[in-house]
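# Observations on chain architecture
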Amino acid sequence: MQYNISFPNPLQHFFEISVSIDTTHKSELEIFLPIWRPGRYEAANFSKYLRDFKIESEAGDIITHRKTSSSSWKIDASSEDTVIVKYKYWAYRMDAGSSWFDEDLIYINFVNCMVYVKELMTEPCEIVLDLPENFKVGCGLKRQGNKFEASDYYELADSPLIASAELEHLTYTAGDTDFHVWISGKHSVDSEKIVTDFKKFSESQIQIMGEFPEPDYHFILIMLPFKFYHGVEHHDSTVICLGPGIATDIDELYTQLIGVSSHELFHSWNILKIRPKELMPYEYNKEAFFPTGYVAEGFTTYYGDLFLAKSGVFDQEAYFTELNTLFKRHFYNFGRLNYSVADSSEDLWIDGYALNFPDRKSSIYVEGAMVALCLDLMIRKSSSDEKSLDDVLKKLYVDFGKTGKGYTSDDVQQICEELYGDSLSDFFQRHVFGTDDKEELINGLLSHVGCMLWKSENTNPFENYLGIRLSSVGDNKGGLKVSHIAPGAIGEGFFSINDEIVTVNNQPLTIETIEQFDPGEYTFLVKRSFDKTVTFTVKPGEQRYFPQYKITPLLHPTPQQRDSFESWTGLKLA
């Protein structure tokens, strides 16, 4: 398959694509466009961005085609040796998994817009781009001028490209691998600090895993002028969209940048090589359905932050801040008690990563990271810190990642049990395939590393006494609505999701004034669906909701606990 892409009018945002396909000895040809992409295991249906789709002979004659699904087309190819598929693709969606084209930037995720023939997926692909002469290009594909080569369609689909006249290019080496950092957009981040810290966590990951699976790697960073956070992994690269690039709180932006970058880099092993059996190989025209999202994304979430501690990029305070965020996301999502992390992984295809309604299911990122934390500390405790979850990942890489075999959840459990030294059936049944609470388990395990989970009352009176959490009402400055209600809370009897709070005790309510309200009776004026307005008075009971969780060192940790903490994080326990 040979692809040509031109970019005629940046104000219209269309890629014009022409694909030459060898049809020799084929009586019938079926052409597909992916319906999902690696890193996002839900229906995407990229064909909704197509226009002017047609198929021609080499002589330019139109070949009649018929649609066989939402993203596939079939033709009679018996009289042709080559056919040309032509179409336009609307590239005007900015996130880490989409494509974009304007006056300043060409950004392509080829999986969005490159049709394919199943029989030719393992054959080499050639891509020619009609790029402006002054554009720099960041991409992992082999390149000669404006011609790019992929060893097969799978590599093409997993190799994003960015091109711009204003592309910033940074480099460093870790182990035997050359790393490239491509930055598009205005930003206030120190480029030298990026190189220093990226090199640290890259070396830490390579040291633990033994080797990097690719000869080079590309971080494609798209810095946006508005608040945004999204990253997608690829076999030798990642795209990270982050904003605002010119940030008022540069520390917060930088923490997000290094956090997501460490996470995406670890995917080079975990999912790109260590891959679930159900995704071997990728079938882009079928639903991606697997139960081990807790490993693919959860373990990666856990290790993304842990490697920042192990490499010295994070100190204890910074790492504890990330753990506290994890605990809050875990304990405040009551979907963890309704739907196991394995079940939630299988349902990614149905409702993806969006919150269709509160507490429907758990998050494979959060709950998977909690599973990883538990397993890591359990193995460390049982082996007196001689073994850890590191060894599980290394064995998964050797047994599955390097052999091209897909793993199952049973494989993960078996390897964990070998290192733990006993059965883990109860843990997996309760916390991977079940919905048991983890608070007591976590607190017991943290003791091994000289820490505890400190639990205290929420300082927000409405969360603490009524069990309701509030968030901003769209672009309405100062307006608040009910975004979450704790199950069984007194608030369930008075509030509905999306109720807009007009006043409390005849006073306007804003984020800034919430904590000024003392405990006691509250009289609410609420705007409800279809502009219905209601007034009611709520008197809190004895029950408290949404407690705050915080990891903290024990007051007098033993030498063993200090040593275990350092073995776990690479840091001295302060």
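Note: the structure precedes this text.
As a starting point, this report considers the structure included with it. (Residues numbered from 1 in each chain as written. Predicted model: local features only at pLDDT ≥ 70, side-chain atom pairs only at ≥ 80, totals over all residues. Heavy atoms only, no water.)

It is worth spelling out the packing of aromatic side chains at this point. Taken as a whole and judged by the stated rule, the model has 52 aromatic pairs. For the pair Phe53 and Trp73, a centre-to-centre distance of 4.2 Å together with 15 degrees between the ring planes defines the contact as stacked. Of this pair, Phe53 sits in strand 4 (residues 50-57) while Trp73 sits in strand 6 (residues 72-76), placing them 20 residues apart in sequence. The burial state of Phe53 is the same as that of Trp73; both residues are buried. Their ring planes at 65 degrees and their centres at 5.0 Å tell us that Tyr332 and Phe546 sit as a pair that is edge-to-face. (Phe/Tyr/Trp six-rings, centres within 6.5 Å; stacked < 30°, edge-to-face > 60°. Helix = DSSP H or I, 4+ residues; strand = E, 2+ residues; numbered from the N terminus. Buried < 20%, exposed > 50% of the residue type's maximum accessible area, 1.4 Å probe, protein only.)

What follows is about helix 3 (residues 191-209). A rise of 1.5 Å per residue sets the reference length of helix 3, with its 19 residues, at 27 Å; its end C-alpha atoms lie 27 Å apart and thus fit the reference within 8%. Buried residues of helix 3: Ser191, Ile194, Asp197, Phe198, Phe201, Ser202, Ser204, Gln205, Ile206, Ile208 and Met209, and no others. Here the buried face of helix 3 lies against strand 15 (168-174), strand 16 (177-184), strand 17 (216-223), helix 4 (250-266), helix 5 (293-310) and helix 10 (389-401). The N-capping residue of helix 3, defined by a side-chain oxygen 2.9 Å from the backbone nitrogen of Glu192, is Asp190. In the stretch just after helix 3, Gly210 is the one whose phi turns positive, near 95 degrees. (Expected span 1.5 Å × (residues − 1). Contact = heavy atoms within 4.5 Å. Polar contact = N/O pair within 3.5 Å; in protein donor to acceptor, adjacent residues only side chain to side chain.)

With that settled, consider the nonpolar core. The biggest cluster of nonpolar side chains holds 161 residues, and the ones touching the most others in it are Tyr153 and Trp568. Beyond its immediate sequence surroundings of up to four residues, Tyr153 is in contact with Met1, Tyr3, Pro34, Met114, Val115, Tyr116, Met121, Glu123, Cys125 and Tyr284. Among the nonpolar cores identified, the runner-up in size contains 20 residues, and Ile468, Ile485, Ile514 and Phe524 belong to it. (Core = buried A, V, L, I, M, F, W, Y, C linked by side-chain atoms within 4.5 Å.)

With that out of the way, let us pick up helix 10. Residues Leu389, Asp390, Val392, Leu393, Leu396, Tyr397, Phe400 and Gly401 constitute the buried set of helix 10. One side of helix 10 holds all its buried residues, which, seen down the axis, span an arc of 160 degrees. In this structure, the buried side of helix 10 is in contact with helix 3, helix 4, helix 5, helix 9 (364-382) and helix 11 (409-420). Capping the start of helix 10, Ser388 holds a side-chain oxygen 3.1 Å from the backbone nitrogen of Asp390, two or three residues further along. (Arc of directions from axis to C-beta.)

Our next topic: the packing of helix 3 against helix 4. Where helix 3 meets helix 4, the axes come as close as 11 Å, and the angle between the chain directions of the two elements is 30 degrees. Here helix 3 lies roughly parallel to helix 4, going by the angle between them. Handedness of the helix 3/helix 4 crossing: right-handed. Together, Lys193, Ile194, Asp197, Phe198, Phe201, Ser202, Gln205 and Met209 of helix 3 and Tyr254, Leu257, Ile258, Ser261, Ser262, Leu265 and Phe266 of helix 4 make up the contact between the two elements. Residue composition of the contact of helix 3 with helix 4, by class: nine nonpolar, four polar and two charged. (Axes fitted to C-alpha atoms, helices over the stretch in contact; angles between N-to-C directions. Parallel < 35°, antiparallel > 145°, perpendicular 65-115°, else oblique. Left-handed = near helix turned anticlockwise from the far one by under 90°. Nonpolar A, V, L, I, M, F, W, Y, C, P; charged D, E, K, R; others polar.)

A word on the packing of helix 13 (residues 439-448) against helix 15 (residues 559-569). Orientation of helix 13 relative to helix 15, taken along the N-to-C sense of each, is 100 degrees, at an axis distance of 7 Å. In terms of axis orientation, helix 13 runs roughly perpendicular to helix 15. Between helix 13 and helix 15, the contacting residues are Leu446, Ser447 and His448 on the first element and Gln560, Gln561, Ser564 and Trp568 on the second. Along the lines of polarity and charge, the residues of the contact of helix 13 with helix 15 split into two nonpolar, five polar and no charged.

What follows deals with the sheet that holds strand 6. Judged by pairing direction, the sheet is antiparallel, and its three strands sit side by side in the order 3-6-5 without closing on themselves. One side of each edge strand has no neighbouring strand; the edge strands of this open sheet are strand 3 (28-32) and strand 5 (65-69). Geometrically, the sheet is characterised by an average inter-axis angle of 30 degrees between neighbouring strands, direction not taken into account. In this sheet, strand 6 lies alongside strand 5 in antiparallel orientation, the contact comprising four bridges. By the bridge assignment for strand 6, Ser69 is matched with Ser72. (Pairing = 2+ DSSP bridges.)

In this section: the side chain of Ser57. Its location among the elements puts Ser57 in strand 4. Leave out the neighbours within four places in its chain, and Ser57 touches Ile63, Glu80, Thr82 and Ile84.

Attention shifts here to the sheet that holds strand 8 (residues 100-101). Read from one edge to the other, the open sheet built from four strands follows the order 8-9-14-11, with strand pairing classed as antiparallel. Lying at the two open borders of the sheet, with one neighbouring strand each, are strand 8 and strand 11 (136-139).

In this structure, Pro244 follows Gly243 across a cis peptide bond, with omega equal to 0 degrees. With an omega dihedral of -10 degrees, the bond running from Met280 to Pro281 counts as a cis peptide bond. Despite not being glycine, Asp359 shows a phi value in the positive range, around 65 degrees. As for its placement among the helices and strands, Asp359 is situated in the loop between helix 8 (348-351) and helix 9. The class for Asp359 is buried, based on a relative accessible area of 13%. Within the chain, Asp531 stands out as a residue other than glycine whose phi angle is a positive 60 degrees. Of the residues examined, Asp531 reaches a relative accessible area of 64% and is grouped as exposed.

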